[in-house]
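# A look at the structure
Spelled out, the chains give:
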Amino acid sequence: MKKLKWFSAMIALTVVLGGCASNANQQPAASGSGGETKPAPTLTVAYSEGGTTMDPAEANDLTSDTLVLATYDQLVTYGVKTVDGADVANTEDIQPMLAESWEVSADNTTYTFKIKSGLKFQSGNPVNADAVVYSFDRVAKSSSGSFLYGMADIKSVTAKDDSTVEIVLNKANHMFTQIIAMYTFSIVDQKLVEEKGDDYLKTNAAGSGPFTLEKWDPASEAVFQANNDYWQGAPKLSKVTLKFTKEASNRVLLLNKSDVDMAIEIPPKDVAALQENSNLTIKSNASNRILFFAMNNNVKPFDNEKVRQAINYAIPYDQLINDVMYGQAKEMKSAVASNTPGFTDAGYVYEYNLDKAKELLKEAGYAEGFSFDFTLGSGFDDWEYDAVLIQAELAKIGVKMNINKVARAQFLEQQKDGNLVSYISKWTSFVNDPGYHLGFLLYGEGSSNYIHYNNAEVNKLWEEAGAEPDQAKRNELYMKAQEIITTEAPWAYLYEYNRVVGMNNKVSGYVYYPDEVLRFYPLSKEQ
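## Thoughts on the sheet that holds strand β8 (residues 154-161)
Strands sit in the order β6-β7-β9-β8 across an open sheet of four strands; the sheet is antiparallel. Unpaired on one side and paired on the other, β6 (99-104) and β8 mark the two borders of the sheet. Neighbour to neighbour, the strand axes of the sheet diverge by 20° on average, direction disregarded. Note that β6 and strand β7 (residues 110-115) share five bridges and pair antiparallel. Across the sheet, the residue bridging to Ser-101 is Lys-114, located in β7.

## Description of the packing of aromatic side chains
Counted under the stated rule, the structure contains 28 aromatic pairs. On the basis of an interplanar angle of 70° and a centroid distance of 5.3 Å, the ring pair of Phe-147 and Phe-440 is categorised as edge-to-face. Highlighted residues: Phe-147 in helix α3 (residues 146-151) and Phe-440 in helix α14 (residues 434-441), separated in sequence by 293 residues. Looking at Phe-147, the relative accessible area reads 35%, which means it is partly exposed. Judged by its relative accessible area of 4%, Phe-440 falls in the buried class.

## Some thoughts on the nonpolar core
Ranked by internal contacts, the top residues of the largest apolar core, which has 156 residues, are Phe-136, Phe-293, Trp-491 and Phe-520. No other element matches strand β19 (residues 491-504), which puts eight residues into this core. Filtering out sequence-adjacent residues up to four positions away, Trp-491 remains in contact with Ile-290, Phe-292, Phe-293, Ala-294, Met-295, Asn-312, Met-332, Ala-335, Leu-441, Leu-442 and Ile-451. Grouped together as the second largest cluster of nonpolar side chains are eleven residues, Leu-255, Ile-266, Val-271 and Ile-282 included.

## Some remarks on the pattern of salt bridges
Summed over the entire model, instances satisfying the criterion amount to 18 salt bridges. As a salt-bridge pair, Glu-221 and Lys-215 come within 2.9 Å of each other at their nearest N and O atoms. We classify Glu-221 as buried; its relative accessible area is 14%. Across the pair Arg-499 and Glu-516 runs a salt bridge whose closest N-O atoms are separated by 3.8 Å.

## Looking at empty space enclosed by the protein
Applying the stated criterion across every chain, the model contains one cavity of 30 Å³ or more. Around the largest cavity, the lining residues are Arg-499, Tyr-510, Val-511, Tyr-512, Tyr-513, Glu-516, Val-517 and Leu-518. Taken together, the residues of the lining of the largest cavity sort by class into six nonpolar, no polar and two charged.

## Concerning the packing of helix α10 (residues 317-324) against helix α12 (residues 381-395)
Closest axis-to-axis distance for the α10/α12 pair is 10 Å, and the angle between their directions is 150°. In this view, α10 runs roughly antiparallel relative to α12, as classed from their interaxial angle. Here α10 runs over α12; the crossing is right-handed. Here Gln-319, Leu-320 and Val-324 of α10 lie close against α12, whose contacting residues are Asp-382, Tyr-385, Asp-386, Leu-389 and Glu-393. Of the residues assigned to the contact of α10 with α12, the class counts are four nonpolar, one polar and three charged.

## Brief notes about the confidence of the model for the protein
Taken over all residues, the pLDDT of the protein has a mean of 91, while the share at 70 or more is 93%. Across residues 1-34, where pLDDT falls below 50, the model places 80 contacts with residues more than four positions away in sequence or in other chains.

## Remarks on the environment of Lys-116
Tracing the backbone shows Lys-116 in the loop between β7 and α2 (129-141). On the basis of relative accessible area, Lys-116 is assigned to the buried category, the value being 8%. A distance of 2.7 Å separates a polar atom in the side chain of Lys-116 from the backbone oxygen of Met-97.

## Some remarks on unusual backbone geometry
For the bond from Lys-300 to Pro-301, the omega torsion is 0°, close enough to zero to count as cis. Summarising the element assignment, Pro-301 is placed in the loop between β14 (280-295) and α9 (305-313). Phi at Asp-153 is positive, roughly 65°, even though this residue is not glycine. In this fold, Asp-153 is placed in the loop between α3 and β8. In this structure, Ser-258 takes a positive phi of about 60° despite not being glycine. Looking at the element boundaries, Ser-258 is found in the loop between α7 (248-256) and β13 (262-264).

## Details of α7
Those residues of α7 lying buried are Arg-251, Val-252 and Leu-255. The buried residues of α7 all sit within an arc of 100° when viewed along its axis, so they share a single face. On its buried side, α7 packs onto β3 (42-47), β13, α8 (268-275), β14 and β19. Note on α7: the residue one or two positions beyond its end, Ser-258, has a positive phi of about 60°.

## Description of the packing of α9 against helix α11 (residues 354-363)
Taken N-terminus to C-terminus, the directions of α9 and α11 make an angle of 165°; their axes are 8 Å apart at the nearest point. Here α9 lies roughly antiparallel to α11, going by the angle between them. By crossing handedness, the relation of α9 to α11 is classed as left-handed. Every residue of α11 that contacts α9 at Lys-306, Val-307, Gln-309, Ala-310 and Tyr-313 is listed here: Leu-354, Lys-356, Ala-357, Leu-360, Leu-361 and Glu-363.

## Description of the environment of Lys-306
If you trace the backbone, Lys-306 turns up in helix α9. Placed 60 residues apart in sequence, Lys-306 and Tyr-366 show a C-alpha to C-alpha distance of 9.9 Å. With sequence-adjacent residues up to four places away left out, Lys-306 is seen in contact with Leu-360, Glu-363 and Ala-364.

## Structural notes on the pairing of β6
β6 sits mainly inside the fold: five of its six residues count as buried. Two successive antiparallel strands, β6 and β7, enclose a turn made up of five residues, where Asn-108 displays a positive phi of approximately 60°.

## Some details on the side chain of Arg-474
Relative to the helices and strands, Arg-474 resides in helix α16 (residues 471-488). The buried charged residue Arg-474 lacks any salt bridge, with Asp-433 as its nearest oppositely charged partner at 4.8 Å. Of the polar contacts made by the side chain of Arg-474, one reaches the side chain of His-174; its length is 3.4 Å. Here Arg-474 is in contact with His-174, Ala-465, Glu-468 and Pro-469, once residues within four sequence places are set aside.

Here is what the cut-offs are and how they apply
- The residue count restarts for each chain, going from 1 along the sequence in the order it is written.
- Where local features are concerned, this predicted model is filtered to residues with pLDDT of at least 70; where side-chain atom pairs are given and counted, the filter is 80 or more; whole-chain, interface and lining totals use all residues.
- Only hydrogens and water are removed before side-chain values are computed, so all heavy atoms of the structure are retained for them.
- Note on pairing: two strands pair once DSSP finds at least 2 bridges between them.
- Every helix listed is a DSSP run of H or I at least four residues long, and every strand listed is a run of E at least two residues long, numbered separately from the N terminus.
- Axes, fitted as lines to C-alpha atoms, cover a helix only where it is in contact. Angles between the N-to-C directions of the axes lie from 0 to 180 degrees.
- Any pair of Phe, Tyr and Trp rings, taking the six-membered ring for Trp, is counted once the centres come within 6.5 Å. Such a pair is stacked with planes under 30 degrees apart, edge-to-face with planes over 60 apart, and tilted for the rest.
- Each residue is assigned to one of three classes by its accessible area relative to the maximum for its type, calculated with a 1.4 Å probe on protein chains only: buried under 20%, partly exposed between the two thresholds, exposed over 50%.
- Definition of nonpolar core: a set of buried residues of the types Ala, Val, Leu, Ile, Met, Phe, Trp, Tyr and Cys, connected through side-chain atoms within 4.5 Å.
- We call two residues in contact when some of their heavy atoms are within 4.5 Å.
- The salt bridge definition used is simple: a Lys or Arg side-chain nitrogen within 4 Å of an Asp or Glu carboxyl oxygen.
- Points on a 1 Å grid, built from protein atoms alone, make a cavity when a 1.4 Å probe fits but cannot get out and make a pocket when they are open with protein on both sides within 12 Å along at least 5 of 7 lines; residues with an atom within 4 Å of a point are the lining residues.
- Grid points are joined across faces, edges and corners, and a volume is the space filled by probe spheres set on the points.
- Under the scheme applied here, ten amino acids are nonpolar (Ala, Val, Leu, Ile, Met, Phe, Trp, Tyr, Cys and Pro), four are charged (Asp, Glu, Lys and Arg), and all others, including Gly, are polar.
- Here roughly perpendicular refers to angles of 65 to 115 degrees, roughly parallel to angles under 35, roughly antiparallel to angles over 145, and oblique to all remaining angles.
- For any pair of crossing helices, the crossing counts as left-handed if the nearer helix is rotated counterclockwise from the farther one by less than a right angle, and right-handed if it is rotated clockwise.
- Residue-level confidence of the predictor, termed pLDDT, takes values from 0 up to 100.
- Under this definition, polar contacts are N or O atom pairs within 3.5 Å; protein pairs additionally need one hydrogen-donor-capable and one acceptor-capable atom, and for neighbouring residues in sequence, both atoms have to be side-chain atoms.
- Comment: arc refers to directions from the helix axis out to C-beta atoms.
- When charges are counted, Lys and Arg are positive and Asp and Glu negative, with His and the chain ends excluded.

Here it is, written out as structure tokens:
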């Protein structure tokens, strides 16, 4: 192995070493100076759902992911940058976390990680190479996270000694470190889990993270206490409580009355009113969450490129952005979000133009229009409004869209079967990279390519890009793939969502991440 590069650890970071007392988390984090000690503030956040598991390898929803990231660390993490005055994650900037440093082989297939010395889990057990191997093995065998293990192209994970882990890939993969920075690859306390049994992780935490779990009831709330012996220093909050509040109107009310410090998933229609409350700050960040109108490329008439293009010309884009999303979204002009590295809007020509739509239908042999089934999954108000508006516009060009509304769970099942004719769907790429995004959705063998788009040139470009170490060259390949996809129009692009989070002005330290999961450790609150 040729040593290419050692990434230095965060030398300036003061690592707090020493054993974790078993009752360490019973003591509140402290603030103040001059020897005076007072409890650190607490934080309450309104969430919509209560989550399904505490197990990092199985977590697959916003709340479960949040629970995991509050209590666990990973080998590496994402950097942070400032964009337009807001702190946002820089997912291309991979920083050390439990790993002190790592080296990469000349062919970019072997990564050797050195773990920081003296780190301990919340139980007091040491963080070591065996725990890393154990954690990655759990991901490989999991029902939820194993697809990420495959996407990372991991061939083997081996403990070379107590603090050294070697990870070998099947082939070079530029997304590898970005993928293992995700909550799925959290490092689990092997000794504790083996003592308690694997089911222990479903409802308990076994990490080395900044908070310990005091209580989790998916029907009401989750409570975390500060881990005052955390190796990066005690959190600035002594306790964090998540209040599970399903109704969006109730979350808005709680925030407006300062009964909670923060609220997520705020409806676009409520943003302007909340902004008038001088006690609140409303963060509305451009996210990489997209919404698209999917057409099954294997089903007539959507197997015809001109028909799909005609649908694109019939979408009332301005109405969707302004009347449905109240400006809390932006136009979508590629299959990937515009804040994704390597984004291009080349090939995008689809302004609202019913005459052009009719012309394309005539060229496709559907001058008299046609009728098709559209499946609408419940649970999202904007989807319903979008569907009704699109239905009305399509009627003007002789196309009848039959809307079949089904429960969310049923929709997801039908979507996965790959037989739906058309539907609206959203997607968030946790790894902000075109390879991850297109690999799932529009690569011919993509696991979420439910509309069966399959273009040999796009497939080849995606495969070549995945093995290309030079980012500029890689992005050129991804851009070419995007242009082909946009021209062939397997979807009609609807919009890119903003991520809206409301918080009391006393709260600071909020950082936006593409996975949309709140990290509590950077947060603080003025008393």
